[in-house]
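Spelled out, the chains give:
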Amino acid sequence: MKRIFSGAQPTGNLHLGNYLGALRNWTQLQHEYESFFCIVDLHALTQPQNPQSLITKTKELAKLYLAAGIDPTVSTIFIQSDVAEHTELTWLLNCQTRIGELERMTQFKEKGRNTERESTGVGLLDYPVLMAADILLYQTDLVPVGEDQKQHLELTRDLAQRFNRDYGETFRIPEPFIPKAGARIMSLSDPTKKMAKSDVDPSGSIGLLDDADIVTRKFKRAVTDSGTEIKFDNTRPAITNLLTIYALLTNQTNEQVENNFAGKGYGQLKSELSEACIAFLQPFQERFHNITDEHLRDILTGGARRARESASQTLDTVKERLGIVGARGI
Ligand code: AMP
Ligand code: TRP
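As the structure is a computational prediction, the values presented were derived from the model and not from experiment.

A. The site of ligand 1, seen in detail. Within the structure, ligand 1 sits among 18 residues, and G146, D148, I185, M195 and K197 are positioned closest to it. Between ligand 1 and D148 there is a distance of 2.4 Å, counted from an oxygen atom to a side-chain nitrogen or oxygen. The backbone of I185 places a nitrogen or oxygen atom 2.8 Å from a nitrogen atom of ligand 1. For ligand 1, whose unbound accessible area comes to 490 Å², protein coverage reaches 92%. For the shell around ligand 1, the element with the highest residue contribution is helix α1 (residues 16–29), accounting for four residues. Residue classes in the shell around ligand 1 are distributed as six nonpolar, eight polar and four charged.

B. Broad picture of helix α13 (residues 293–322). The terminal C-alpha atoms of α13, which comprises 30 residues, lie 41 Å apart, in line with the 44 Å expected from a rise of 1.5 Å per residue. Listed as buried for α13 are L296, I299, L300, G302, G303, A304, A307, S310, A311, T314, L315 and V318.

C. The arrangement of the packing of helix α10 (residues 237–249) against helix α11 (residues 254–261) in detail. Packing of α10 against α11 leaves a shortest axis separation of 9 Å and a crossing angle of 110 degrees. Classified by the interaxial angle, the pair formed by α10 and α11 is roughly perpendicular. Where α10 crosses over α11, the two elements pack in a sense that is right-handed. Here L243, Y246 and A247 of α10 come into contact with α11, specifically with N254, V257, N260 and F261. Residues of the contact of α10 with α11, tallied by class, amount to five nonpolar, two polar and no charged.

D. Molecular detail of the layout of surface pockets. What the second largest pocket holds in volume is close to 400 Å³. In this structure, the second largest pocket is lined by 19 residues; those nearest its centre are A181, G182, F232, T240 and T244. By residue number, the principal contributor to the lining of the second largest pocket is α10, which donates six residues. Class assignment for the residues of the lining of the second largest pocket results in eight nonpolar, eight polar and three charged.

E. View of the packing of aromatic side chains. Within the structure shown, the criterion is met by twelve aromatic pairs. Ring plane angle 35 degrees and centroid distance 4.8 Å describe the contact between F163 and Y167, whose orientation is recorded as tilted. A residue pair is termed a helical-turn pair when its members lie 3 or 4 positions apart in one helix, as F163 and Y167 do in helix α8 (residues 150–167) at four residues. On the accessibility criterion, Y167 (32% relative accessible area) is partly exposed. Measuring from centroid to centroid gives 5.0 Å for Y246 and F261, while their planes differ by 70 degrees, and the two rings are edge-to-face.

F. The pattern of salt bridges, seen in detail. One pass over the full model with this rule turns up 14 salt bridges. Its salt-bridge partner being K63, residue D293 comes within 3.2 Å of it at the nearest N-O pair. Placement of the pair is D293 in helix α13 and K63 in helix α3 (residues 51–68), with a sequence separation of 230 residues. D293 gets classed as partly exposed once you look at its relative accessible area, which sits at 34%.

G. The site of ligand 2, seen in detail. Near ligand 2, the surroundings consist of 13 residues, among which Q9, Y127, M131, D134 and Q149 are the closest. Between ligand 2 and Y127, the relevant distance is 2.7 Å, taken from an oxygen atom to a side-chain nitrogen or oxygen of the residue. A per-element tally of the shell around ligand 2 places helix α7 (residues 122–137) first, with four residues. Here the shell around ligand 2 is built from residues that sort into seven nonpolar, five polar and one charged.

H. Molecular detail of the pairing of strand β2 (residues 34–39). For β2, a buried count of five out of six residues is recorded, marking the element as mostly surrounded by other parts of the structure. In the sheet, strand β1 (residues 3–8) pairs with β2 via six bridges, with the strands oriented parallel. Paired with F5 across the two strands is F36, which belongs to β2. Chirality of the crossover, the property in question, places the unit of β1, α1 and β2 among those that are right-handed. Summarising the sheet, β2 and strand β3 (residues 76–79) pair through four bridges and their orientation is parallel.

I. Examining empty space enclosed by the protein more closely. The full count for this structure, using the stated rule, is one cavity of 30 Å³ or more. Within this model, the largest cavity holds a volume of roughly 50 Å³. What lines the largest cavity is Q107, F108, K111, L124, Y127, P128 and H152. Where the lining of the largest cavity is concerned, the elements lending two or more residues are α6 (106–111) and α7. Of the residues that constitute the lining of the largest cavity, the class distribution is four nonpolar, two polar and one charged.

The rules behind the values
- Residues numbered from 1 in each chain as written.
- Chains lettered and ligands numbered in written order.
- Predicted model: local features only at pLDDT ≥ 70, side-chain atom pairs only at ≥ 80, totals over all residues.
- Heavy atoms only, no water.
- Near = heavy atom within 4 Å.
- Polar contact = N/O pair within 3.5 Å; in protein donor to acceptor, adjacent residues only side chain to side chain.
- Areas by Shrake-Rupley, 256 points an atom, 1.4 Å probe, with all protein chains shown as cover.
- Helix = DSSP H or I, 4+ residues; strand = E, 2+ residues; numbered from the N terminus.
- Nonpolar A, V, L, I, M, F, W, Y, C, P; charged D, E, K, R; others polar.
- Expected span 1.5 Å × (residues − 1).
- Buried < 20%, exposed > 50% of the residue type's maximum accessible area, 1.4 Å probe, protein only.
- Axes fitted to C-alpha atoms, helices over the stretch in contact; angles between N-to-C directions.
- Parallel < 35°, antiparallel > 145°, perpendicular 65-115°, else oblique.
- Left-handed = near helix turned anticlockwise from the far one by under 90°.
- Contact = heavy atoms within 4.5 Å.
- 1 Å grid on protein atoms, 1.4 Å probe; cavity = no way out; pocket = protein on both sides within 12 Å on 5 of 7 lines; lining within 4 Å.
- Points joined across faces, edges and corners; volume = space filled by probe spheres on them.
- Phe/Tyr/Trp six-rings, centres within 6.5 Å; stacked < 30°, edge-to-face > 60°.
- Salt bridge = Lys/Arg side-chain N within 4 Å of Asp/Glu carboxyl O.
- Pairing = 2+ DSSP bridges.
- Right-handed = clockwise from strand over helix to strand, strands pointing away.

Spatial relationships are all this shows, so hold off on functional conclusions.
What follows is the structure, given as structure tokens:
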């Protein structure tokens, strides 16, 4: 059975973009692939975090995975820092990675943009190497992510290919899996930007834990384009974004959605969209609140054990190839 690996950062404020671009696909793919879904807490450290709230957000993200429909009897769900192999492989890969490759990453350039070199953490630069280690440890075939992670996947492939060339066949070369629709859900307040956790203006994103009133208010305030026709149209990003969300939430084709709204106005679209979103969020949030800490701890402990079994095999091979065998080699 082929393998998939994916993860999200426990940085709070998970939104509809994370669900439609990533989580939702994971729940579908888990039945076709052997699946590993990770809560990448070490990645979150690339930005300042309050320790207590990092613990809370880590727990929250694990519950969101389960509420979204990731089935722990089918998939392995675990916390990155529970499997030390991730940090160990990161060092070994760091020594095969060039600074220039990392400085070219768009996400690094964007996140570091407002900060001086003197105050930008090394972790932010090294972030994609930790991500490559996550993926390569599991001999992953496919990595389901949103559009924004494509460049990191390309770097992962480059590092794996280089290692295999220099030290012998070690890593499987992973492919990105980017959904045709939903890979880039845009902000409701500025449809030229993606919906983002870090959005300073919270009205642009629908939080997965937002209540019905907030959801209705946010859709009501969502910006629209000029013109009145409700159609998918690349030159009208706001309306296209709203229609994309609607189509995904109601499992309809673009054509069905356009037919549904033919002759209707923006007000109607927004109110049907709010309804569809609330119909999805209510049972989702109910599942979220029903998961006990004890149950969660069992799942994550078992997940870490299974993950470690796979990860340690790959790491042993890598170390052998590099001549890092410790006292055993003497
Ligand atoms: P992150 O929030 O960076 O931990 O991302 C978790 C997952 O959600 C990744 O696979 C991202 O590619 C995906 N994602 C984040 N923002 C969006 C968005 N606006 N639209 C679609 N997918 C997204
Ligand atoms: N960098 C990803 C993001 O911000 C999260 C991530 C870390 C990831 N390691 C991964 C995604 C491995 C897929 C595979 O969204």
